[in-house]
Amino acid sequence: MGFVDYEVEGAVGLVTINRPKALNALNSAVLDDLKAVIEGVDTKTVRCLIITGAGDKSFVAGADIGEMSTLTKAEGEAFGKKGNDLFLEIESFPIPVIAAVNGFALGGGNELAMSCDFRLASENAVFGQPEAGLGITPGFGGTQRLARLIGPGMAKQIIYTARNIKADEAKRIGLVNEVYPQAELIPAAKKLASIIAGNAPIAVRNCKKAINEGLAKNTTAEAVQVEEKLFGDCFESYGQKEGMANFLRKKDDPKKVKHVAFIDE
Ligand code: CAA
């Protein structure tokens, strides 16, 4: 599909933003293609997604500055909404989405990575929100997700200064979970995605929903009610019955330990 490639390996889907001449910058066409690919993922058979950028230099170097340079106020707001709508879709996508950040993750690139469940990075990855230097605010959720992820003080420093940070600093402040040499990034992301894909599918989906929807609540009391519902929803599923039966079989006879192949539910 145009600017976005998609391939499936077992139960893991790999989405690659492919506009390397512009360091995978997000123009309207790339956003449209990404939306079409995401909406086309068969979440019955694919249980974890990875999003990365083509090439070894850039994940996504931001929203397309050429396209934005002539926008009016109303067009600017509409462009922000286009990105925000898509990134909200990724954030609440039913299966986990891992960002494999293989280089520049600037502006809209960092914002795309932050809409994923978590981020793995290559050693050459660079993160930042350069918008203040371009005369705009972050526009695809950066002011909100960065503050929620790393805390408002650190987010404000990064956004106000428009200063980029390297992968090791991104790890130190909790923006990325792990840093790998470039060649090991995608294999590591695939390995992690396969582990996730090997767990009970309804349980994994409900864990994602519980964390995301619970965090959006104002109080812990309200948030645990979200969890209660999703916890209850797991019961009577194949994953719950087989996962627990497997544990109980193990107790009787450790030799009976079998890896549960969770069917699609
Ligand atoms: N938009 C459009 N084109 C971009 C781009 C972007 N965000 N980032 C890079 N490109 C293009 C360059 O214009 C260049 O194209 P040409 O070869 O046609 O000139 C090509 O990609 C290669 O880039 P450079 O020659 O600049 O590569 P470099 O290695 O010297 O520098 C870089 C790399 C530091 C990432 C630099 O390209 C850069 O600073 N890019 C802009 C980063 C940025 O400011 N991103 C935020 C955008 S605003 C935003 O995202 C708003 C929002 O929240 C929605």
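Starting afresh in each chain, residues are numbered from 1 along the sequence in its written order. Note on the predicted model: pLDDT of at least 70 is required for a residue's local features to be given, and 80 or more for side-chain atom pairs to be given and counted; whole-chain, interface and lining totals, by contrast, use all residues. Side-chain figures throughout are based on the complete set of non-hydrogen atoms in the structure, without hydrogens or water.

Undergrad: A description of the site of the ligand should follow, citing residues and the corresponding values.
TA: Proximity is defined per residue: any heavy atom of the residue falling within 4 Å of a molecule or strand makes that residue near it. Taken together, 23 residues sit near the ligand, with Lys57, Gly108, Glu111, Glu131 and Gly139 positioned nearest. Here a polar contact is recorded for every N or O atom pair within 3.5 Å, except that within protein the pair must consist of a potential hydrogen donor and a potential acceptor, and residues adjacent in sequence are included only if both atoms are side-chain atoms. Between the ligand and isoleucine 65, the relevant distance is 2.9 Å, taken from a nitrogen atom to a main-chain nitrogen or oxygen of the residue. Glutamate 111 is positioned such that a nitrogen or oxygen atom in its side chain is 2.6 Å from an oxygen atom of the ligand. Computed by Shrake-Rupley with a 1.4 Å probe, the accessible areas treat only the displayed protein chains as cover when residues are assessed. In the complex, 61% of the free accessible area of the ligand, which totals 970 Å², lies under the protein chains. Each helix corresponds to a stretch of at least 4 residues labelled H or I by DSSP, and each strand to a stretch of at least 2 residues labelled E; elements are numbered beginning at the N terminus. Secondary structure elements with two or more residues in the shell around the ligand: α2 (65-68), β6 (104-106), α4 (108-115) and α5 (131-134). Each residue gets one label: Ala, Val, Leu, Ile, Met, Phe, Trp, Tyr, Cys and Pro are nonpolar, Asp, Glu, Lys and Arg are charged, and the others, such as Gly, are polar. Of the residues belonging to the shell around the ligand, the class tally is 14 nonpolar, 4 polar and 5 charged.

Undergrad: Can you tell me about the environment of glycine 80, naming the residues and giving the values?
TA: Mapped onto the fold, glycine 80 is located in helix α3 (residues 73-91). On a C-alpha basis, the gap between glycine 80 and valine 224 in space is 32 Å, while along the polypeptide they are 144 residues apart. Contact definition: two residues touch when any of their heavy atoms are within 4.5 Å. The contacts of glycine 80, once residues within four sequence positions are left out, are Gly139 and Phe140.

Undergrad: Residue-level account of helix α9 (residues 182-197), with values.
TA: Compared with the 22 Å implied by 1.5 Å per residue over 16 residues, the 23 Å span of α9 between its first and last C-alpha is a close match. Those residues of α9 not exposed but buried are Leu185, Ala188, Ala189, Ala193, Ile196 and Ala197. Buried residues belonging to α9 abut β2 (12-17), β3 (48-53), β5 (97-101), β7 (118-122), β10 (178-180) and α10 (201-215). Multiplying 1.5 Å by the residue count of a helix minus one yields the expected span of that helix. When a residue's accessible area, from a 1.4 Å probe over protein chains only, is under 20% of the maximum for its type it is buried; when over 50% it is exposed; and in between it is partly exposed.

Undergrad: Tell me about the pattern of salt bridges, and please be specific about residues and values.
TA: By definition, a salt bridge exists where a carboxyl oxygen of Asp or Glu is found within 4 Å of a side-chain nitrogen of Lys or Arg. A complete count under the given rule lists 13 salt bridges for this structure. As a salt-bridge pair, lysine 35 and glutamate 89 come within 3.1 Å of each other at their nearest N and O atoms. Of this pair, lysine 35 sits in helix α1 (residues 28-40) while glutamate 89 sits in helix α3; the two residues are 54 residues apart in sequence, bridging distant segments of the chain. Residue classification places lysine 35 among the partly exposed residues on the basis of a relative accessible area of 33%. Among the salt bridges present, the one from lysine 81 reaches aspartate 85, with a minimum N-O distance of 2.8 Å.

Undergrad: Give a detailed account of the packing of aromatic side chains, specifying residues and quantitative values.
TA: Ring geometry is summarised as follows: Phe, Tyr and Trp rings, the Trp one being its six-membered ring, pair when their centres sit within 6.5 Å, and such pairs are stacked at plane angles under 30 degrees, edge-to-face over 60 and tilted between the two. Scanning the entire structure with this criterion turns up 3 aromatic pairs. Ring geometry for phenylalanine 79 and phenylalanine 140: centres 5.4 Å apart, planes at 55°, overall tilted. Note that phenylalanine 79 is positioned in helix α3 and phenylalanine 140 in the loop between α5 and α6 (142-150), a separation of 61 residues in sequence. The exposure classification of phenylalanine 79 matches that of phenylalanine 140, with both residues buried.

Undergrad: Account for the pairing of strand β1 (residues 4-9), with residues named and values stated.
TA: The pairing criterion is simple: DSSP has to find at least two bridges between the two strands. Bridge analysis of β1 against β2 gives 6 bridges, and the strand direction is antiparallel. Bridged to glutamate 9 within β2 is valine 12. In sequence, β1 turns back onto β2 through a hairpin of 2 residues, with glycine 10 there showing a positive phi of about 60°.

None of this, on its own, says anything about what the molecule does.
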